[in-house]
Number of protein chains: 2
Amino acid sequence: MSSTERLQRYLSDESGSCGDTEVAQRLAELEELDAAAGGPDLEADVSVLSALANETRYKIVRILHIADEELCVCEFSPLLDVSDSAISHALSQLTDAGLLTRRKDGKWRKYRTTARANALLIALDGSRK
Amino acid sequence: MSSTERLQRYLSDESGSCGDTEVAQRLAELEELDAAAGGPDLEADVSVLSALANETRYKIVRILHIADEELCVCEFSPLLDVSDSAISHALSQLTDAGLLTRRKDGKWRKYRTTARANALLIALDGSRK
DNA sequence: TAGATGAATGAGTAAGTACTAAAATAGGCC
DNA sequence: GGCCTATTTTAGTACTTACTCATTCATCTA
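Throughout, residues of each chain are indexed from 1 in the direction in which the sequence is written. By the order in which they are written, chains take letters starting at A while ligands take numbers starting at 1. Only residues with pLDDT of at least 70 get local features here, since the model is predicted, and only at 80 or more are side-chain atom pairs given and counted; chain-wide, interface and lining totals rely on the full set of residues. Each side-chain value is derived from all of the structure's non-hydrogen atoms; neither hydrogens nor water enter the calculation.

Draft legend 1. Up close: the protein's contact with DNA strand C. Around DNA strand C sit 27 residues in total, of which Ser85(A), Tyr111(A), Arg6(B), Ser83(B) and Ser85(B) are the nearest. The sugar-phosphate backbone supplies 80% of the atoms of DNA strand C found within 4 Å of the protein. Polar contact is the term for a pair of N or O atoms within 3.5 Å; when the atoms are in protein, one must be able to donate a hydrogen and the other to accept it, and sequence-neighboring residues count only if both atoms are side-chain atoms. Here a base oxygen of DNA strand C and a side-chain polar atom of Ser85(A) are 2.7 Å apart. A distance of 2.8 Å separates a phosphate oxygen of DNA strand C from a polar atom in the side chain of Ser88(A). Helical segments are the DSSP runs of H or I of at least four residues, strand segments are the runs of E of at least two, and each set is numbered from the N terminus. Sorting the residues of the surface near DNA strand C by element identifies α5 (73-76), α6 (84-96) and β3 (108-113) of chain A together with α1 (3-15), α4 (55-67) and α6 (84-96) of chain B as the ones contributing at least two each. Being near a molecule or strand, for a residue, comes down to having at least one heavy atom within 4 Å of it.

Printed below as a string of structure tokens:
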């Protein structure tokens with residue numbers, strides 16, 4: 001059975017009667033939603049969310065957010081139960097995703113959250129039940 | 001080499017001199033940040049982010065957000081290039097994560113975004129450069 | 001410049017994820 | 001009850017990810 005047939009039955013159930021015209025119209029509405037939802041930002045948004053969707057990386061961003069200052073790679077090391085290499089991988093992923101900025105300071109590297117990262121954490125905090 | 005030794009060298013580089021006391025104090029500060037970051041919400045936050053961090057699921061939430069009304073499972077079917085089973089999986093994950101609510105209406109199931117989902121999408125939209 | 005240290009990168013691997021297909025569940029209708 | 005349809009669940013599989021270890025790159029210092 002095609003998804004259009006099922007949609008037709010659904011619209012019949014909802015609005016009483018429903019011919020092909022109404023189905024076509026609803027389909028057009030839905031495809032408009034789909035087009036609006038699937039713009040060029042979709043992929044970028046998903047990669048930002050993927051970057052945050054990991055305990056190690058999320059914790060790094062949280063720590064930086066709370067600290068409200070830049071921190072050195074070496075300061076994460078005592079706090080996270082993973083190798084320095086894993087921390088470096090995590091920091092790079094977060095930076096690539098636009099959630100952190102990296103700054104060289106001699107032989108040390110310092111990281112800080114971006115506005116995007118802060119906005120997401122604030123949204124999470126503000127919508128907690 | 002321990003991470004504490006590296007931290008000591010870092011603090012020396014930064015603040016000039018640095019004895020064990022200063023290292024211990026900075027460590028305590030960092031661990032306080034860590035404790036604040038790693039509260040009970042961490043796990044839940046990560047699972048919310050994981051739920052959104054997938055193109056199919058993200059698109060579902062976006063569509064519902066733009067639609068600003070509840071939609072039937074059968075209305076997603078023509079818009080997403082995956083099986084009905086995959087759509088159902090996605091909807092369940094999103095519901096479990098607290099991003100959607102599910103309502104039975106006869107033999108149809110209708111979904112709607114939660115305040116948490118809307119907050120996250122708005123944060124993404126508002127922080128786009 | 002050689003040696004040491006901080007951090008990033010590459011390769012490999014164990015665990016997790018996203019899908020499909022098939023079976024199960026649930027509602028409505030005869 | 002028996003049948004049809006909408007959706008969910010289960011099982012299986014290809015793919016992706018998150019880590020560790022080893023290596024490389026970069027920067028300071030003696």
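Back to the write-up after that little detour.
Draft legend 2. Representation of the interface of chain B and chain A in the model. Any pair of residues with heavy atoms lying within 4.5 Å of one another is described as a contacting pair. Contacts between the two partners involve 54 residues from chain B, matched on the other side by 54 residues from chain A. Roughly 5100 Å² of surface becomes buried between chain B and chain A when both sides are summed, with 66% attributable to carbon and sulfur atoms. The salt bridge criterion pairs a side-chain nitrogen of Lys or Arg with a carboxyl oxygen of Asp or Glu, the two atoms within 4 Å. For the pair chain B and chain A, the interface holds 16 salt bridges. For Glu14(A), the salt bridge goes to Lys110(B), with nearest N and O atoms at 3.1 Å. Where chain B meets chain A, there are 24 residue pairs in polar contact (both at pLDDT 80 or more). Here the buried area means the combined drop in accessible surface, using a 1.4 Å probe, for two parts upon being joined, counting both sides.

Draft legend 3. A look at the packing of helix α4 (residues 55-67) of chain A against helix α3 (residues 41-52) of chain B. Orientation is described by axes fitted as lines to C-alpha atoms, over the contacting stretch for helices, and by angles from 0 to 180 degrees between their N-to-C directions. At a minimum axis distance of 10 Å, the contact between α4(A) and α3(B) shows a crossing angle of 115°. The angle between the axes of α4(A) and α3(B) places the two elements in the roughly perpendicular class. Once α4(A) is placed against α3(B), the crossing between them reads as right-handed. Across the interface between the two elements, Glu55(A), Tyr58(A), Lys59(A) and Arg62(A) from α4(A) touch Leu42(B), Asp45(B), Val46(B) and Leu49(B) from α3(B). Lys, Arg, Asp and Glu make up the charged group, whereas Ala, Val, Leu, Ile, Met, Phe, Trp, Tyr, Cys and Pro make up the nonpolar group; the residues left over, Gly among them, are polar. Among the residues forming the contact of α4(A) with α3(B), the class breakdown is 4 nonpolar, no polar and 4 charged. The cut-offs work like this: below 35 degrees is roughly parallel, past 145 is roughly antiparallel, 65 to 115 is roughly perpendicular, and the gaps in between are oblique. Take the far helix as the reference: if the near one is turned anticlockwise from it by less than a right angle, the crossing is left-handed, and if turned clockwise, right-handed.

Draft legend 4. View of the relation of the copies chain B and chain A. We superpose the copies by least squares over the C-alpha atoms of residues that have a pLDDT of at least 70 in both of them. Take chain B, turn it by 180°, move it 0.0 Å along the axis, and it overlays chain A with an RMSD of 0.1 Å. Between the two chains, the operation in question is that of a two-fold axis. Mapped onto chain A, 100% of the interface residues of chain B are again interface residues, and the two copies thus contact each other with one and the same surface.

Draft legend 5. The arrangement of the pattern of salt bridges in detail. Considering all chains together, one arrives at 30 salt bridges over all chains under this definition. Where Arg26(A) meets Glu69(B), a salt bridge forms, and the shortest distance between an N and an O atom there is 3.4 Å. Taken together, the residues span two chains, with Arg26(A) in helix α2 (residues 20-37) and Glu69(B) in the loop between α4 and β1 (71-72). Residue classification places Arg26(A) among the buried residues on the basis of a relative accessible area of 13%. To sort residues, take the accessible area from a 1.4 Å probe on protein chains only and compare it with the maximum for the residue type: under 20% means buried, over 50% means exposed, and anything in between is partly exposed. We classify Glu69(B) as partly exposed; its relative accessible area is 34%. For the salt bridge of Arg62(B) with Asp45(A), the shortest nitrogen-to-oxygen distance reads 3.8 Å. Placement of the pair is Arg62(B) in helix α4 and Asp45(A) in helix α3 (residues 41-52), with the two residues belonging to separate chains. A relative accessible area of 7% means that Arg62(B) is categorised as buried. Bridged by salt links that share partners, the residues Asp41(A), Asp45(A), Arg116(A), Arg62(B), Asp125(B) and Arg128(B) form one connected network.

Remember, this is a structural readout, not a statement about activity or role.
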